[in-house]
Amino acid sequence: MGQAVLDGLTQLLQLEPMLYLVLGMAIGLVIGFLPGLGGLATLALLSPFAFGMDAAEGLAFVLGAYGAVSFGGSVTAILFNVPGTGEQVVTTFDGYPMAKNGQAGKALGVSAASSAFGGLFGVVILVLCIPIALQLITYLRPPEVFALGIIGIMVMGVSSARTVVKGIVSGALGLMLSFVGLDPVTGIARMTFGHLELNSGLGITALTMGMFALTEMAVLYMRGLSIAQSGRAAQGNVAGGGVWDGVKHTAKNWKYVVSGGGIGAVSGLVPGLGGTVAMFGSYGYVRSRTKNPDPPFGQGNPLGVLAPEAANNAKEGGSFVPTLAFGIPGTSGMALIIAILLGLGYVPGPDMIKNNLDVVFLIAWIVAFSNVLASVLGLGMSPLFAKLALLRPQLLAPALIAVSFLGAFADTRLMFALGATVAFAVLGYIFRAMGYSAAGLTIGFVLGPVVDQNLNLSLQIYGPEFILRPITLGLLALVVVGGLWGPTRRTIKARRDRRAGVSGEEHASAVAGTQSNESEVQR
Amino acid sequence: MTKSERRVELLFTLALLIFSIWYAIRMAMYSNYAGRVPAVVGLIMAVALVVQLVRQLAIRPGQKEEHHETAAVELAEQLPGGVGEGVQEAVDEVVETEDDNHQTLFALSPDRRRKLLAIVAYTLLFWIGSMAVGFVITTGVLIFAILLYSRERLWVALAWALGMAFATYWFVVGLLSANPWSGWIFG
């Protein structure tokens, strides 16, 4: 394992990968500042460019950008009260009041330092978990790999769709679309209708471009407001002084960085929990642990920026563990990272840990470097690039749609990809409006061949009884329990609320009855 | 759930159901078990869609579809000491922009509908234009047109369109080593 750690570092510390890392981070920061664009759109837009590079360059480019987008989002959350992603709303709670109180620089300093330390904490968790994963994967055979694939699809689908059934439908539709093309075992063309372009499948780039990039652009164009307009007060002096004060404040409160990092890493480790739980959990923790905060939380307390930012970045390291070790993406972003890894020739899961451990550590190094560099670069670029938040979507969306089409074409060099991109964009828009899961569909599409191949192998080797193998049975039972957990919990809660409502009404009528009796007595 | 929302939901579920049954039957017809796994997945999806259809039929107009609570709202409510006014405002804003639904994406105001139609037309024309005259001309002309339609100033539209056309030329020729004037018209 030690050799793999060094190999990963050596692969990164070459001129080209480092240049691509910095370039990716610069693009990520710019995208982070742009209105309405987040990590998913970044991954979708950059993935075709990464496919033409070697693994170290491609991963440095894409993961660098992905890591930096988050910091760009923090900057807009602090300066404009508009979070880059939904979960970063927590950063606005105290970050924006700090900026309004003339402490924008300090807030950015706290955010940068806690993001960097939190990110490093997540990487440490990732590295510590790899030996455990190495032990666990020795128990995995085709039936278990099949079951893990199903878990990955269900977790992603169910956690990001509006209802459990919609999550299942999203994942299943992704699987179904992935089966279009030549069957890897028999070579029979499935659902191609005689079109040779379809023999290699519908194409992951067309899917991600359509479902994430094009749909995002359409929604962005329709809303039509730049973030600085929807945010209420852009600050004149973007960074201001006090950045170093923020860094010192973070170092002084290292305990909250560690606790935030811990909460974030655990949220990342458990697929489906995601950044919202990490950031809110960490913010809630620091609020509950601080007696008599000055200033109070919600009015510009730096700890309210420090804790959630540390958690947000630590979460990424944590969520790489199930993604790389078992092929189960913890977040929507990880679903796209799996797609990118497949495009670069790596299959996340037991095979990757067994055969490409150096690439796993390369990813860990990239995440570590990008966390530190993104903070430094971000602080440097903020004064200049925060003005990008003033760009109108009318200017951005058409240009980025052009980039999406070019990306889809670049992957396959077939004009057919453009039609597929448009079709996926329509599906993506409908999915978004109706609460289906685009990430669930994507991971179904990506893991389709893995599920197909391992199910066929399981049936050949063990017959239908493969399902009764203890680990397989346990994993599939987890899928069922996970699927039923939400609706059952809601039903119990609704019943309890109803009962509480009934007893509350009874209590109220009893009280009213007593009061009327009393008044009658008084009369 | 409004009447129109319910109707759209039902129609989409039905369309998916018909697709999944057709898919499963077609996959089951391939020889050598080539379509076995896809057929099983198609059937599972059909069962899930039947469950969804039954649920959607049971929902009365005005009744809400049972769904996951928006995480940000749920967690904000559980914060120790509750949420202050400013915090609640920020959460509400995120929910408004993050929680896309029928109201925000289908039942559109005239202004939003006009914008959606414009960007859809742009996307379709980009697709057709790329096949007809290649990427470079399509990018330049269409970006110029949509920016003028968006009431941007003439020089902004022209500069943006030329910049994008040059960037596309660099990408197509420099990175892809492809013909920039390809398509039905230029051959």
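Given the structure is predicted, the values throughout are model-derived calculations rather than measurements. (Residues numbered from 1 in each chain as written. Chains lettered and ligands numbered in written order. Predicted model: local features only at pLDDT ≥ 70, side-chain atom pairs only at ≥ 80, totals over all residues. Heavy atoms only, no water.)

Focus: the overall build of chain A
A count of helices and strands for chain A gives 21 helices and two strands. Of all 523 residues assigned to chain A, the portion counted as buried reaches 61%. Accessible area for chain A stands at about 19,100 Å²; split by element, carbon and sulfur atoms hold 64% of it. (Helix = DSSP H or I, 4+ residues; strand = E, 2+ residues; numbered from the N terminus. Buried < 20%, exposed > 50% of the residue type's maximum accessible area, 1.4 Å probe, protein only. Areas by Shrake-Rupley, 256 points an atom, 1.4 Å probe, with all protein chains shown as cover.)

Regarding the nonpolar core
Core analysis: the largest hydrophobic core is formed by 201 residues, its most contacted members being L59(A), M211(A), F320(A), I363(A), I119(B) and Y122(B). Leave out the neighbours within four places in its chain, and I119(B) touches A218(A), Y221(A), A397(A), I401(A) and I146(B). (Core = buried A, V, L, I, M, F, W, Y, C linked by side-chain atoms within 4.5 Å. Contact = heavy atoms within 4.5 Å.)

Details of the interface of chain B and chain A
Of the residues lining the interface, 84 residues belong to chain B; the matching set on chain A comes to 79 residues. Summed over both sides, the interface of chain B with chain A buries roughly 7,300 Å², with 72% coming from carbon and sulfur. The interface formed by chain B and chain A includes one salt bridge. With a closest N to O distance of 3.1 Å, K166(A) and E9(B) form a salt bridge. Inspection of the region where chain B meets chain A yields nine residue pairs in polar contact (both at pLDDT 80 or more). Broken down by secondary-structure element, the contributors of at least two residues to the side of chain B that touches chain A are α1 (3–28), α2 (36–58), α3 (71–77), α4 (85–98), α5 (102–105), α6 (110–133), α7 (135–149) and α8 (154–175) of chain B. (Buried area = accessible area lost by both parts, 1.4 Å probe. Salt bridge = Lys/Arg side-chain N within 4 Å of Asp/Glu carboxyl O. Polar contact = N/O pair within 3.5 Å; in protein donor to acceptor, adjacent residues only side chain to side chain.)

What about the packing of α7(B) against α8(B)?
Residue and element names in this part refer to chain B. It is at 8 Å that the axes of α7 and α8 come closest, and there the two elements cross at 160°. Considered as vectors, α7 and α8 are oriented roughly antiparallel to each other. Where α7 crosses over α8, the handedness of that crossing is right-handed. Only L154, V156, A157, L158, W160, A161, M164, A165, T168, Y169 and V172 of α8 make contact with α7, whose side of the interface consists of F135, V136, T139, G140, I143, F144, L147 and L148. Among the residues forming the contact of α7 with α8, the class breakdown is 16 nonpolar, three polar and no charged. (Axes fitted to C-alpha atoms, helices over the stretch in contact; angles between N-to-C directions. Parallel < 35°, antiparallel > 145°, perpendicular 65-115°, else oblique. Left-handed = near helix turned anticlockwise from the far one by under 90°. Nonpolar A, V, L, I, M, F, W, Y, C, P; charged D, E, K, R; others polar.)

Thoughts on the environment of G102(A)
All names here are of chain A. Relative to the elements of secondary structure, G102 occurs in the loop between α5 (89–100) and α6 (104–136). Relative accessible area serves as the criterion here: at 63%, G102 is assigned to the exposed category. The spacing of G102 and S288 is 186 residues in sequence and 26 Å in space, taken between C-alpha atoms.

Here we look at unusual backbone geometry
All names here are of chain B. Phi is positive for N32, which is not a glycine, with a value near 55°. The backbone phi angle of Y33 is positive, close to 60°, even though this residue is not glycine. Assignment of secondary structure puts Y33 in the loop between α1 and α2.

Remarks on α8(B)
Taking 1.5 Å per residue as the helical rise, α8(B) with its 22 residues ought to reach 32 Å, and the 31 Å between its terminal C-alpha atoms agrees with that figure. All of the buried residues along α8(B) are V156(B), A157(B), A161(B), M164(B), A165(B), T168(B), F171(B) and V172(B). Seen from one end, α8(B) has its buried residues packed into an arc of 155°, which puts them on one side. Residues of α8(B) that are exposed and point more than 90 degrees away from the buried face comprise W155(B), F166(B) and W170(B). Check the buried side of α8(B) and you find it contacts α3 (39–51) and α18 (393–412) of chain A together with α7 of chain B. Backbone geometry just after α8(B) places S177(B) at a positive phi near 50°. (Expected span 1.5 Å × (residues − 1). Arc of directions from axis to C-beta.)

Focus: the confidence of the model for chain A
Residue and element names in this part refer to chain A. Put simply, chain A has an average pLDDT of 82, and 89% of its residues get 70 or more. At the low end of the mean pLDDT range in chain A sits helix α10 (residues 227–230), at 48; at the high end sits helix α8 (residues 164–178), at 93. Here residues 230–237 scores under 50 on pLDDT; set against residues more than four positions off or in separate chains, the count is 18 contacts. (pLDDT = per-residue confidence, 0-100.)

Quick word on the pattern of salt bridges
All names here are of chain A. Tallied over the full model, the rule gives eight salt bridges over all chains. In this structure, R469 engages E144 in a salt bridge whose closest nitrogen and oxygen atoms are separated by 2.9 Å. Separated by 325 residues along the polypeptide, R469 in the loop between α20 (438–462) and α21 (470–522) and E144 in helix α7 (residues 142–160) bring together distant segments of the chain. The partner of R432 in a salt bridge is E216, and the shortest N-O contact between them spans 3.3 Å. Within this pair, whereas R432 is found in helix α19 (residues 416–434), its partner E216 is found in helix α9 (residues 204–223), the two being separated by 216 residues in sequence. In this structure R432 comes out as partly exposed when scored by relative accessible area, which is 22%. Here the salt bridges share partners, and the residues they tie into one network are D183, R190 and D452.

Let's talk about a nonpolar patch on the surface
All names here are of chain A. A grouping of F117, L120, V372 and V376 is seen on the molecular surface, where their side chains present a nonpolar patch of about 320 Å² in accessible area. Contributions of two or more residues to the nonpolar patch are made by α6 and α17 (357–385). Within the secondary structure layout, V372 lies in helix α17. (Patch = residues over 30% accessible without salt bridge, like charges linked within 9 Å, V, L, I, M, F, W, Y side chains within 5 Å.)

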